[in-house]
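# Structural overview
Take a look at the letters that make up each chain.
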Amino acid sequence: MSQPLGELGRFAEPSLYILVSLSNGPKHGYAIMSDVEEMSGMPLGPGTLYGALARLEKRGLIEALEPEDRRRPYRLTGLGATTVAAQLAHLEGFVRTGLKRLGGDVR
Amino acid sequence: MRALVRLYPRRWRDRYESEILALLDERPMSIADGIDLVRGALDAHLHPQVPGRARTAQPLTHRIPGLVALTAGLLWTWNLAYLALRADLAGDWGSLAGIAFVLMLLSLPGDYMAAGHGRRVAIGLGVIAACFVGIAAIPALPIKVVLAAIGYPLIFGGMLGLAAVRAGIGSRGRWRLIGLAIALPVMIGIPVAIGVTATSPSIRLLYALIIPYGLAWLLIGLRMAIRGAPTIIDPPAGIVEPEVQPA
């Protein structure tokens with residue numbers, strides 16, 4: 001079972017980036033921000049980051065761990081892992097279709 | 001830029017403020033980050049994601065102290081603003097401001113006074129205030145000016161502080177309010193008062209300096225009316241009234 005991210009509006013895309021960022025282990029805000037920027041090439045503002053984190057936490061897709069100093073790491077929940085896997089599978093199908101139509105080499 | 005975090009709702013800040021400030025300490029903020037924070041704060045107000053306490057319906061009596069304080073603030077502000085503009089009415093200024101003062105006093109008794117400790121503190125403060133006013137009112141007493149200068153700000157500040165507590169304003173907010181509404185006007189007012197006479201145009205400034213006190217009561221009254229403040233006839237918070245057993 002997974003949750004659709006589309007209902008998150010303008011936070012849907014940053015949320016997916018955050019879920020992907022957390023899929024290889026817990027991270028705190030600054031680490032997520034740097035990782036997302038590295039992955040997508042798009043800077044993630046602090047307001048957008050925490051708007052998305054609050055939404056993901058409320059929906060049970062991520063959970064906060066005990067704070068380390070003032071920084072609090074977040075980790076993916078089981079539901080979050082299922083959701084990100086479903087989203088990526090959907091995107092993979094989308095990419096394949098797109099590339100196929102463009103006549104590209106699809107492996 | 002860090003001040004922009006204060007635009008977020010209190011409940012959001014309780015949960016995320018320290019984290020986001022730590023994040024802002026770790027990297028330099030750009031203008032785009034500032035705009036993003038403002039957008040985030042607006043979103044947090046419009047679409048709260050942090051769950052709050054469930055609000056319970058307030059009895060009608062809980063609105064009374066707030067409405068009384070609001071009326072007091074209105075009367076005080078209106079009266080002093082009018083006098084600041086029309087200094088020729090200097091002799092009559094006590095009428096409405098006096099009623100406002102009584103209303104301010106009436107908004108203060110609450111359920112906290114039903115508990116032993118609260119009642120003792122309230123009675124003690126009342127006795128101290130009465131002593132100050134009483135001594136200051138004796139005409140021939142030479143130290144009455146000194147007593148009035150100390151006593152009145154203490155009484156007015158104490159009343160404002162207690163009302164702010166009842167309105168649920170935090171410690172920092174209370175001190176700021178007392179500072180802006182009483183301490184600052186007193187500091188400005190003393191030098192003005194030293195060289196002032198009843199016919200001097202500076203008397204208008206003195207009246208104007210007392211206006212912030214009414215504005216503070218307006219703010220407190222509004223907040224108290226919205227949040228609700230139990231009156232002395234309501235059961236104290238945390239004390240559950242025993243259920244009446246059917247005969």
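To be clear, the structure that these remarks concern was listed above.
Let us look at the structure shown here. (Residues numbered from 1 in each chain as written. Chains lettered and ligands numbered in written order. Predicted model: local features only at pLDDT ≥ 70, side-chain atom pairs only at ≥ 80, totals over all residues. Heavy atoms only, no water.)

In this assembly, 24 residues from chain B lie in contact with 25 residues from chain A. Here chain B meets chain A over a buried area of about 2000 Å², counting both sides, of which 49% is carbon and sulfur. In this structure, the connection of chain B to chain A is made through five salt bridges. Two residues, Glu-19 of chain B and Arg-72 of chain A, come together in a salt bridge whose shortest N-O distance is 3.4 Å. One can count eleven residue pairs in polar contact (both at pLDDT 80 or more) joining chain B with chain A. Secondary structure elements with two or more residues in the side of chain B that touches chain A: helix H1 (10–26) and helix H2 (31–46) of chain B. With twelve residues, the single largest contributor to the side of chain B that touches chain A is H1 of chain B. Here the side of chain B that touches chain A is composed, by residue class, of eleven nonpolar, four polar and nine charged. (Contact = heavy atoms within 4.5 Å. Buried area = accessible area lost by both parts, 1.4 Å probe. Salt bridge = Lys/Arg side-chain N within 4 Å of Asp/Glu carboxyl O. Polar contact = N/O pair within 3.5 Å; in protein donor to acceptor, adjacent residues only side chain to side chain. Helix = DSSP H or I, 4+ residues; strand = E, 2+ residues; numbered from the N terminus. Nonpolar A, V, L, I, M, F, W, Y, C, P; charged D, E, K, R; others polar.)

The terminal C-alpha atoms of H1 of chain B lie 23 Å apart, and with 17 residues this matches the ideal 24 Å at 1.5 Å per residue to within 8%. A bend of about 60 degrees at Tyr-16 of chain B is the largest found in H1 of chain B. Within H1 of chain B the residues assigned to the buried category are Trp-12, Arg-13, Arg-15, Tyr-16, Glu-19, Ile-20, Leu-21, Ala-22, Leu-23 and Leu-24 of chain B. Against helix H2 (29–40), helix H3 (46–58), strand E1 (62–64) and strand E2 (74–76) of chain A together with H2 of chain B lie the buried residues of H1 of chain B. (Expected span 1.5 Å × (residues − 1). Bend = angle between axes of the 7 residues up to and from the residue. Buried < 20%, exposed > 50% of the residue type's maximum accessible area, 1.4 Å probe, protein only.)

A negative phi holds for most residues other than glycine; trans holds for most peptide bonds. Residues other than glycine seldom take positive phi values, yet Asp-69 of chain A does so here, at roughly 60 degrees. By the secondary structure assignment, Asp-69 of chain A is in the loop between E1 and E2.

To continue, consider the environment of Glu-13 of chain A. Within the secondary structure, Glu-13 of chain A is located in helix H1 (residues 12–22). Owing to a relative accessible area of 45%, Glu-13 of chain A belongs among the partly exposed residues under this scheme.

Glancing now at a nonpolar patch on the surface. Residues and elements named next belong to chain A. Taken together, the side chains of Leu-88, Leu-91, Phe-94, Val-95, Leu-99 and Leu-102 define a hydrophobic patch exposed on the protein surface, amounting to about 590 Å² of accessible area. Counting through the fold element by element, Val-95 comes out in helix H4 (residues 78–101). With a relative accessible area of 45%, Val-95 lands in the partly exposed category. (Patch = residues over 30% accessible without salt bridge, like charges linked within 9 Å, V, L, I, M, F, W, Y side chains within 5 Å. Areas by Shrake-Rupley, 256 points an atom, 1.4 Å probe, with all protein chains shown as cover.)

With that out of the way, let us pick up the packing of H3 of chain A against H1 of chain B. The contact between H3 of chain A and H1 of chain B brings their axes to 11 Å, and the two run at 135 degrees. Between H3 of chain A and H1 of chain B, the crossing angle belongs to the class labelled oblique. Taken as a pair, H3 of chain A and H1 of chain B cross one another with a handedness that is right-handed. Facing H3 of chain A, whose interface residues are Pro-46, Leu-49, Tyr-50, Leu-53, Ala-54 and Glu-57 of chain A, H1 of chain B presents Trp-12, Arg-15, Tyr-16, Glu-19, Ile-20, Leu-23 and Leu-24 of chain B. In terms of residue class, the contact of H3 of chain A with H1 of chain B is made up of ten nonpolar, no polar and three charged. (Axes fitted to C-alpha atoms, helices over the stretch in contact; angles between N-to-C directions. Parallel < 35°, antiparallel > 145°, perpendicular 65-115°, else oblique. Left-handed = near helix turned anticlockwise from the far one by under 90°.)

We now examine the pattern of salt bridges. Should their charged atoms come close, side chains of opposite charge can pair. Tallied over the full model, the rule gives nine salt bridges over all chains. Note that Arg-15 of chain B and Glu-57 of chain A form a salt bridge whose closest N and O atoms lie 2.9 Å from each other. One end of the pair, Arg-15 of chain B, is in helix H1; the other, Glu-57 of chain A, is in helix H3, on a second chain. Judged by relative accessible area, Arg-15 of chain B falls into the buried class, the value being 19%. Since its relative accessible area comes to 23%, Glu-57 of chain A is described here as partly exposed. Glu-19 of chain B is the salt-bridge partner of Arg-15 of chain B, the closest N and O atoms lying 2.8 Å from each other. Placement of the pair is Arg-15 of chain B and Glu-19 of chain B together in helix H1, with a separation of four residues, close to one helical turn.

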